[in-house]
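Each chain, written out:
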Amino acid sequence: MKNHWSWSHSLKNYLLMFDLTTEEFDRPILDVAAGPSSFNSEMHYQGYQVTSCDPLYAKPANEIETITTAMIDELGEKVSQQSSQFNWGNEFSNLAELLRQQRDMAAIFCRDFPEGLAQKRYCAESLPRLSFEDFQFSLALCANFIFDGSLSDDIQFQLDSIHEMCRVAQEVRIYPLLDQHGRISPQLGLIMSELQLADYGVEIRQVSYQFFKHGNAMLRVFSRRCELT
Ligand SMILES: C[S@@+](CC[C@H](N)C(=O)[O-])C[C@H]1O[C@@H](n2cnc3c(N)ncnc32)[C@H](O)[C@@H]1O
């Protein structure tokens, strides 16, 4: 079993994880390491434009569906083994409810993927390099990848990835700040210092997403450098 978590989140989850307001929906948003999240699809059907990127999107749609089904099965096993890391009740009442919602979100994504790929709403891209223009987006969101994903032990990769997201967006939001074991990432302090030394504004902001114990915060990075003259 992989050591990272294979979540698939919805628009409702993203609103809470990133403290998003509807005013922010009119700005160009990039979802990085978006995986089989239904955020893009749900936003699209409400008339908003989100670009999602993930290396997974290079694969054919039927293969993505197979991978996603296996990811959710694996997630179920992992969550049942480590159930005490989660607050059951608010977001998901129990494991069966969590898995039902994961399957629903992944199904929304899979139905939308072929059309979204053709419309370039889904792009096959891998951190730490993205092909987007400088400041093409107002906001870059990155859920469940930087601190708790497959490359979360590699601080250089994390820093390069955050710098790259700051290149393409005016503000970057990262959630959660937990490592793969549900602890505040030991790299967080060093990453924040390095970003501040590079003249980025950084802020840890409390958020209302309650499912992960200790997971009620996101990192905001303001990428317009403060040029002191
Ligand atoms: C746990 S999923 C997160 C999905 C989504 N953000 C959510 O929270 O619902 C992590 C995603 O990171 C993607 N990923 C892996 N390596 C990556 C890389 N180098 N750059 C960007 N995404 C990557 C994986 O394909 C996977 O879809």
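Use the structure listed above.
Keep in mind that what you see is a predicted model, and the values were worked out from it rather than measured.

Cut-offs applied
Residues numbered from 1 in each chain as written. Predicted model: local features only at pLDDT ≥ 70, side-chain atom pairs only at ≥ 80, totals over all residues. Heavy atoms only, no water. Helix = DSSP H or I, 4+ residues; strand = E, 2+ residues; numbered from the N terminus. Rg over C-alpha atoms; globule rule 2.2 N^0.38 Å. Buried < 20%, exposed > 50% of the residue type's maximum accessible area, 1.4 Å probe, protein only. Contact = heavy atoms within 4.5 Å. Areas by Shrake-Rupley, 256 points an atom, 1.4 Å probe, with all protein chains shown as cover. Lys, Arg positive; Asp, Glu negative; His and termini not counted. Charge placed at Lys NZ, Arg CZ, Asp CG, Glu CD. Expected span 1.5 Å × (residues − 1).

Draft legend 1. Main features of the overall build of the protein chain. In terms of helices and strands, the protein chain carries six helices and seven strands. Mapped from its N terminus to its C terminus, the protein chain presents α and β elements in the order α-β-α-β-α-α-β-β-α-β-α-β-β. Here the C-alpha radius of gyration of the protein chain, 17 Å, is about what a compact globule of 229 residues would show, namely 17 Å. Expressed along its principal axes, the backbone C-alpha trace of the protein chain runs to roughly 55 × 40 × 30 Å. Buried positions account for 53% of the 229 residues belonging to the protein chain. Considering only contacts in the protein chain between residues 6 or more positions apart, those separated by 24 or more positions represent 72%. Roughly 10,400 Å² of accessible area belongs to the protein chain as shown, and the carbon and sulfur atoms make up 49% of that amount. Taken together, the 19 basic and 31 acidic charged side chains of the protein chain have centroids lying 2 Å from each other.

Draft legend 2. Here's a closer look at helix α3 (residues 61–81). Look at α3: 30 Å from first C-alpha to last across 21 residues, which is about the 30 Å you get at 1.5 Å a residue. Among the residues of α3, I64, T68, M71, I72, L75, G76, K78 and V79 are the ones counted as buried. Against the buried residues of α3 lie α4 (95–118).

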